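# A structural walkthrough
As a plain string of letters, each chain reads:
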Amino acid sequence: MRKKQKTAWKEILKWEKEAKMTSPPLGADDAIPLQSAAPAVTGTKPKMSTTRKILLILGFLSTLAAIALITVAVTQNQPLPKNIKYGIVLDAGSSHTNLYVYEWPAEKENDTGVVQQVEVCKVEGPGISGYSQTTEKAGPSLVQCLRQAEGVIPLKQHQETPVYLGATAGMRLLRLENKDAAEKVLSSVEKTLRSAPFNFQGARIISGQEEGAYGWITINYLLGNFKQSGWKKFLHSLKSVSETSGALDLGGASTQITFVPDEISSESPQNLLYFRLYGKDYRVYTHSFLCYGKDQALQQKLARDLQSTENSSLFDPCFHQGYQRTISVSNFFKNPCTSVEKKQFPFSQLHIEGEGNYEKCRRNIQNLFNKTDCPYSSCSFNGIYLPPLQGDFGAFSAFYFVMNFLNLTSDDPFTLDEVASAIKKFCARPWHEVKLQYHQIKEKYLSEYCFSGAYILSLLENGYEFTTENWKRIHFLGKIGSSDAGWTLGYMLNLTNMIPAEEPPAPPLSYGSYVGLMVLCSLVLVSVILLAWLLFHKPKCLQKGVV
Ligand SMILES: Nc1ccn([C@@H]2O[C@H](COP(=O)(O)OP(=O)(O)OP(=O)(O)O)[C@@H](O)[C@H]2O)c(=O)n1
Ligand SMILES: [Ca+2]
């Protein structure tokens, strides 16, 4: 076969040689059609050969075209070098301030899940509301973290980087207690932020409703729940409800609960929010309980306990046995969370002594939740509307800090009973033993984990009425990916218009699929041309082979 093929090619070459010799040189006037120049001896051979030549050239050109097409597709559509944008948010909480630096690729800013935290800086000292007596020091306290942000963000992008400060419950309380001091604190932080090299976008006290809503947006953005593409879009279209996760935030001074309920009743419109995100409508329930953050809840509890105290000593079941603390009674009632309990006491200092009794502590805490009056179809506590709980919940900030310390945040969730017995066991441990084991942990935090654990269970079980059943739907989380769970990311996404109401038009194919498809099409094209050539102008050898 190979030999025969060789002979065929030999014949073609031979004829070409002859043709060259017999053909007159081609001039402008005497150009002879190529076919008529072929000697008659070779019969149809010259005709075949010319067609083959053309087909060969065509095949060669199509291969070249296919290669060019692929090269253009690969180079032209290569993602451009990343153009990174930055944003800064300061979370001025009641217990401390955190500065977050976020980054995202500029060309993808309307996509979901592209913004991520690249830096967090914990400001030294108390939260900004702690500067009520020395308001001019609130701003300078932020300088060190602003410097840290300067180091993270490239110099040439400093001026275009927006910086926002949102103050939460600590400042809400200070505004209630002393409006003038709250304004001075805000002016001081504004002055400092304006003097930083970034693009200052505002320093304000955010409402409890905003805090709840932005926390919910953050976790659902990070969990990819707003994504409306591919399979997820298809699955969403099959379900009537949107699969979002509820958000539980426990701070020092307030706590928020936010979720999409199954059915929305309009009985308490102040608790309802309507969003349109990425082309989908969300009806969200939210409530923020001021004074029910874990620090203020402890203050409330102590204020109540004080009412029944005759002398300056108080036994507290929520502190470890052997733990002692002294508090100043006069300062204690200045706080709006405790001022209702204010009365005259014949002593200025109160000595607290721990008892380490979990059950007694739970009963003690229970008094903080008034479950008697509910003007709605269902309530959490203190007459606040709460629709039936729905779906999964992400519980973050102090919910996470406390449960994480108690080793109760594993992937395989603990049952409600297991959590309760772990906290009971921890509360029963004498203080000297706890202090020895956890000597690296700040005493303020460590001494309150027993109370905090009991408070978290009371809030979730008695306050919101989570049961043994739906307890497993609570996920205690500190971070999602590289970003902290909290309201700051949602706040920035909203203020920079990075979450569009409608789904942004996106190319139907990803870059990878596009290049893949181009390669496939080109290969098919080349194969079809080769096949056509083989079918219509079968080389002699093949014809014989078939016969
Ligand atoms: N490792 C940690 C860190 C913080 N905390 C406690 O957790 C609470 C602070 O939670 P956070 O979410 O930081 O509250 P803030 O934002 O400061 O307060 P708020 O949101 O109410 O303004 C404080 O009681 C603090 O003592 C803790 O127990 N363990
Ligand atoms: Ca907070």
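Residues numbered from 1 in each chain as written. Chains lettered and ligands numbered in written order. Predicted model: local features only at pLDDT ≥ 70, side-chain atom pairs only at ≥ 80, totals over all residues. Heavy atoms only, no water.

As enumerated under the stated definition, the model contains 32 aromatic pairs in all. An angle of 40° between the planes, with centres 6.2 Å apart, marks the rings of F289 and Y464 as tilted. Here F289, found in strand β9 (residues 280-290), pairs with Y464, found in the loop between α14 (443-463) and β14 (474-476); they are 175 residues apart in sequence, far enough to count as distant. Judged by its relative accessible area of 2%, Y464 is buried. (Phe/Tyr/Trp six-rings, centres within 6.5 Å; stacked < 30°, edge-to-face > 60°. Helix = DSSP H or I, 4+ residues; strand = E, 2+ residues; numbered from the N terminus. Buried < 20%, exposed > 50% of the residue type's maximum accessible area, 1.4 Å probe, protein only.)

Attention shifts here to the UniProt feature "transmembrane region" (unreviewed entry) in the protein chain. Per the UniProt annotation, the sites labelled "transmembrane region" (unreviewed entry) are residues 54-74 and 514-536. Regarding residues 54-74, the helix share stands at 100% and the strand share at 0%, and the terminal C-alpha atoms are separated by 30 Å. Segment residues 514-536 splits into 100% helix and 0% strand. End C-alpha atoms: 33 Å apart. (UniProt positions renumbered as here; feature names shortened; annotations may be inferred.)

A few words now on the UniProt feature "active site" (unreviewed entry) in the protein chain. The sites that carry the UniProt feature "active site" (unreviewed entry) are, in the present numbering, E211. Mapped onto the fold, E211 is located in helix α6 (residues 208-222). Setting aside residues up to four positions removed in sequence, E211 forms contacts with T168, R172, I206, D249, S254, Q256 and W487. (Contact = heavy atoms within 4.5 Å.)

Next up on the list: the environment of L248. On the secondary structure map, L248 appears in strand β6 (residues 246-250). Look at L248 and you get buried, because its relative accessible area is 0%. Along the sequence, L248 and A398 sit 150 residues apart, while their C-alpha atoms lie 9.9 Å from each other. Beyond its immediate stretch of four places on either side in the chain, L248 contacts Q256, I257, F393, G394, A395, F396, F399, L460, Y464, F466 and I474.

This structure, assessed with the given rule, holds 25 salt bridges. Taking the shortest distance from any N to any O, the salt bridge between E448 and K294 comes out at 3.8 Å. Of this pair, E448 sits in helix α14 while K294 sits in helix α8 (residues 294-307), and the two are 154 residues apart along the sequence. Among the residues examined, K294 registers a relative accessible area of 13% and is labelled buried. Of the charged contacts, one joins E448 and R325 as a salt bridge, the two residues approaching to 2.8 Å between their closest N and O atoms. (Salt bridge = Lys/Arg side-chain N within 4 Å of Asp/Glu carboxyl O.)

Our focus in this paragraph is the confidence of the model for the protein chain. Of all residues in the protein chain, 84% attain a pLDDT of 70 or more, and the chain-wide mean is 87. For residues 1-45, every residue scores under 50 in pLDDT, and the model assigns this stretch 25 contacts once sequence neighbours within four places are set aside. Overall fold confidence (pTM) sits at 0.81, and the ipTM for the predicted complex is 0.99. (pLDDT = per-residue confidence, 0-100.)

To continue, consider the sheet that holds strand β7 (residues 254-259). Spatial ordering of the open sheet is given by β8-β9-β7-β6-β13-β14, a layout of six strands whose pairing is mixed. The two strands at the open ends of the sheet, each matched to only one other strand, are β8 (272-277) and β14. Taking each pair of neighbouring strands and ignoring which way they run, the sheet shows an average axis angle of 25°. Across four bridges, the pairing between β6 and β7 is antiparallel. Counted as the bridge partner of D249 is Q256 from β7. (Pairing = 2+ DSSP bridges. Axes fitted to C-alpha atoms, helices over the stretch in contact; angles between N-to-C directions.)

Glancing now at the site of ligand 1. In the neighbourhood of ligand 1, 21 residues make up the surrounding shell, with S94, S95, T168, A253 and D295 lying closest. Backbone polar atom of G252 to an oxygen atom of ligand 1: 3.0 Å apart, as the coordinates give it. Against a free-state accessible area of 620 Å², the protein chains account for coverage of 89% of ligand 1. Mapped by element, the contributors of at least two residues to the shell around ligand 1 are α4 (169-177), α8, α11 (398-405) and α14. Residue composition of the shell around ligand 1, grouped by class: seven nonpolar, ten polar and four charged. (Near = heavy atom within 4 Å. Polar contact = N/O pair within 3.5 Å; in protein donor to acceptor, adjacent residues only side chain to side chain. Areas by Shrake-Rupley, 256 points an atom, 1.4 Å probe, with all protein chains shown as cover. Nonpolar A, V, L, I, M, F, W, Y, C, P; charged D, E, K, R; others polar.)

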